[in-house]
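Spelled out, the chains give:
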Amino acid sequence: MRNLWLLLQRNAFTLAFIALMAVSLSVLLRNDGAARSSWFQQTGSVSYMIDKQRHGWSNYLRLAEQNAELAEENADLRSRLLSMDLAVEWQEDTVRHWTVRSGMLIKGPDGKPRSSSLATPGRDGGIETGMGVLSGGAAFGTVEEIGEAHCRILTLMHTGTSWSCRIGRLGPVASLGWDGVDMGLLQLRDVPRHVQAQRGDTVFSSGYDLRFPPDVIMGTVFDVERQSGADFMSVTVVPAADFTASRHLEFLVHQADSERTALSSTDLRP
Amino acid sequence: MIVLRLLLLVFLQAFLLRDVSPLGEWTRPEWTLWALLLIPPQASSFLKLGLGFAMGLALDIALGSYGQHMVAGTVLGGLLPAIHRLFAPREGYEVSDHPILRDMGSSWLVGLTFTAALAYHLTLMLVSNWYWHLIPGALLPSLSSAAFTTLCCLVLHLMVYAPDRRKSST
């Protein structure tokens, strides 16, 4: 304390000068507009420089954190890009012997659990029972019965059938069906509990039921529900085809369909 | 006495000699400086600083200049001890020395007055212009004004402390 007092005494004149200068400058800055604006301009530019420097250091110190954020953002964007790549319409696949024949829907599903749909052409157009039917590149149903010029279609909106699907192109196979309640929602059953699925994931056909080739879009995941103690989870799917407005259909034809049917129906005997 | 002289010169500068400026901004004298320069060199540094501040305050009040003279007066009051030391004779100031022509000689008087006037005018110029780009243009007028202030102070000095008085007194 004594040393401080001695220091103050030794520099009393300088301190007095500084104090009087502070008083004078404060009076000047308070009353002189030009002085005030110049002062703020100078101090503003100085504080901007200081703040910029501080911001630079702060950014440098936060580099690891920002890097992690960018990596996370990158992963999210890659995931979205992959989903966009997956969600494409099914195209004619001549390499794997799938071709299409066009048709027209005459009567669509009406929301009743077991209603059938009618379409043209029939047998005269080369349509056969068991063919897969697409609408806008997405799965619509399968040909159940054929007439000369018409055919009856069992759509996805029918409670009496199920479709072999998987979540994503490489997910485990599960069974897609309709519970007859809400026309806008299908149910994917027998999905193992460990499967990673979330809203927006695309559901593709597996190709195992021979009606559709693999990777035809069936719909997108709407909701995933894991019940405690259950081995499987229930997944609700929004169909990709619009059953209320579909008009033009594509009938899927496999060039070796008779052979596939024969082989799949033959009992193997050792 | 010093304070009375200071107030009188503030009054004169503010109300009578305000417009005495033959060449406009090139010759703008600060008459009041003479009162500050008449403080004896041996006086306390605090007295010089305080009177410098008081002179600026009085001028600001009288001229309505809102702090410019206060800053310049404080700077001059703070520098005055150093200026006195700078112009001090080799053997130092005598106790009886007064800052007048008779005691200190003409070169001391002119040099000290011009240095003090220069410090005052340069500070005044800085706080009047503020912006860096305006300062080069105001530098020469402040130099010439400092010279003119020196001239005015010397005229006052000669009027009050005329050399022939010394002869008559001796």
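Reading the values: rules and limits
- Residues numbered from 1 in each chain as written.
- Chains lettered and ligands numbered in written order.
- Predicted model: local features only at pLDDT ≥ 70, side-chain atom pairs only at ≥ 80, totals over all residues.
- Heavy atoms only, no water.
- Helix = DSSP H or I, 4+ residues; strand = E, 2+ residues; numbered from the N terminus.
- Buried < 20%, exposed > 50% of the residue type's maximum accessible area, 1.4 Å probe, protein only.
- Contact = heavy atoms within 4.5 Å.
- Areas by Shrake-Rupley, 256 points an atom, 1.4 Å probe, with all protein chains shown as cover.
- Patch = residues over 30% accessible without salt bridge, like charges linked within 9 Å, V, L, I, M, F, W, Y side chains within 5 Å.
- Salt bridge = Lys/Arg side-chain N within 4 Å of Asp/Glu carboxyl O.
- Buried area = accessible area lost by both parts, 1.4 Å probe.
- Polar contact = N/O pair within 3.5 Å; in protein donor to acceptor, adjacent residues only side chain to side chain.
- Nonpolar A, V, L, I, M, F, W, Y, C, P; charged D, E, K, R; others polar.
- pLDDT = per-residue confidence, 0-100.
- Axes fitted to C-alpha atoms, helices over the stretch in contact; angles between N-to-C directions.
- Parallel < 35°, antiparallel > 145°, perpendicular 65-115°, else oblique.
- Phe/Tyr/Trp six-rings, centres within 6.5 Å; stacked < 30°, edge-to-face > 60°.

**A short note on the overall build of chain A**
Looking only at helices and strands, one finds 5 helices and 12 strands in chain A. Across the 270 residues that make up chain A, the buried fraction comes to 33%. Long-range contacts, defined here as pairs at least 24 residues apart, represent 58% of the contacts in chain A between residues at least 6 apart. Counting only carbon and sulfur atoms, one obtains 56% of the accessible surface of chain A, whose full area is about 16600 Å².

**Things to note about the side chain of B:His69**
Along the polypeptide, B:His69 turns up in helix H4 (residues 68-86). Sequence-distant contacts of B:His69, that is, excluding residues within four places in its chain, are made with B:Glu30, B:Gly56, B:Leu59, B:Asp60, B:Leu63, B:Tyr120 and B:Leu124.

**Quick look at a nonpolar patch on the surface**
All names here are of chain A. Nonpolar side chains collect at one region of the surface, where Met 1, Leu 4, Trp 5, Leu 7, Leu 8, Leu 15 and Ile 18 lie side by side and expose about 770 Å² of accessible area between them. Elements with a contribution of two residues or more to the nonpolar patch: helix H1 (2-10) and helix H2 (12-31). At 4 residues, the largest contribution of residues to the nonpolar patch is made by H1. Its place among the elements puts Trp 5 in helix H1. The class for Trp 5 is exposed, based on a relative accessible area of 54%.

**With respect to the interface of chain B and chain A**
Taken together, the 18 residues of chain B in the interface contact 20 residues of chain A. For the pair chain B and chain A, the summed buried surface comes to about 1700 Å²; carbon and sulfur atoms form 78% of the total. At the boundary of chain B and chain A, one finds 0 salt bridges. Linking chain B to chain A there are 1 residue pair in polar contact (both at pLDDT 80 or more). Where the side of chain B that touches chain A is concerned, the elements lending two or more residues are helix H3 (45-63) and H4 of chain B. No other element matches the 8 residues that H4(B) contributes to the side of chain B that touches chain A. Counted by class, the side of chain B that touches chain A contains 12 nonpolar, 6 polar and no charged residues.

**Observations concerning the pattern of salt bridges**
Residue and element names in this part refer to chain A. Evaluation of the coordinates by the stated rule reveals 7 salt bridges over all chains. One salt bridge connects Asp 51 with Arg 54, and the closest N-O pair in it is separated by 2.9 Å. Within this pair, Asp 51 and its partner Arg 54 are both found in helix H3 (residues 33-61), separated by 3 residues, close to a single helical turn. Put simply, Arg 152 and Glu 144 hold a salt bridge, and the shortest N to O gap is 3.0 Å. Residues joined in a network through salt bridges with shared partners are Glu 144, Glu 145 and Arg 152.

**Comments concerning the environment of A:Val181**
Residues and elements named next belong to chain A. You can see Val 181 is positioned in the loop between strand E7 (173-177) and strand E8 (186-192). The exposure class of Val 181 is exposed, given its relative accessible area of 67%. Placed 22 residues apart in sequence, Val 181 and Thr 159 show a C-alpha to C-alpha distance of 9.5 Å.

**Examining the confidence of the model for chain B**
Residues and elements named next belong to chain B. Overall, the predicted model of chain B reaches an average pLDDT of 84, with 95% of residues at or above 70. Least confident of the elements in chain B is helix H8 (residues 163-169), whose mean pLDDT is 52; most confident is H4, at 91. What the predictor reports for the complex is a pTM of 0.48 with an ipTM of 0.81.

**Here we look at the environment of A:Glu128**
Residues and elements named next belong to chain A. Residue position: Glu 128 is located in the loop between strand E2 (117-120) and strand E3 (132-135). Taking the relative accessible area as the measure of exposure, Glu 128 reaches 44% and is therefore partly exposed. Residues Glu 128 and Val 253, spaced 125 residues apart in sequence, show a C-alpha to C-alpha distance of 8.6 Å.

**Comments concerning the packing of H2(A) against H3(B)**
Between H2(A) and H3(B), whose axes approach to 10 Å, the crossing angle comes to 5°. In this view, H2(A) runs roughly parallel relative to H3(B), as classed from their interaxial angle. Note on element contacts: H3(B) touches H2(A) through B:Ser45, B:Phe46, B:Leu49 and B:Phe53, opposite A:Ala12, A:Phe13, A:Ala16, A:Phe17, A:Leu20, A:Val23 and A:Ser24. Here the residues of the contact of H2(A) with H3(B) sort into 9 nonpolar, 2 polar and no charged.

**Examining the packing of aromatic side chains**
Following the criterion strictly, the structure yields 7 aromatic pairs over all chains and no others. Measuring from ring centre to ring centre gives 5.0 Å for A:Phe140 and A:Phe243, while their planes differ by 25°; the resulting arrangement is stacked. With A:Phe140 in strand E4 (residues 138-146) and A:Phe243 in the loop between strand E11 (232-239) and strand E12 (248-254), this pair connects stretches of sequence that are 103 residues apart. This pair shows no difference in class: A:Phe140 is buried, exactly as A:Phe243 is. Between B:Phe11 and B:Phe15, the ring centres sit 5.1 Å apart and the planes meet at 45°, which makes this aromatic pair tilted. You can see B:Phe11 and its partner B:Phe15 sitting in helix H1 (residues 2-15), 4 residues apart, about one turn around the helix.

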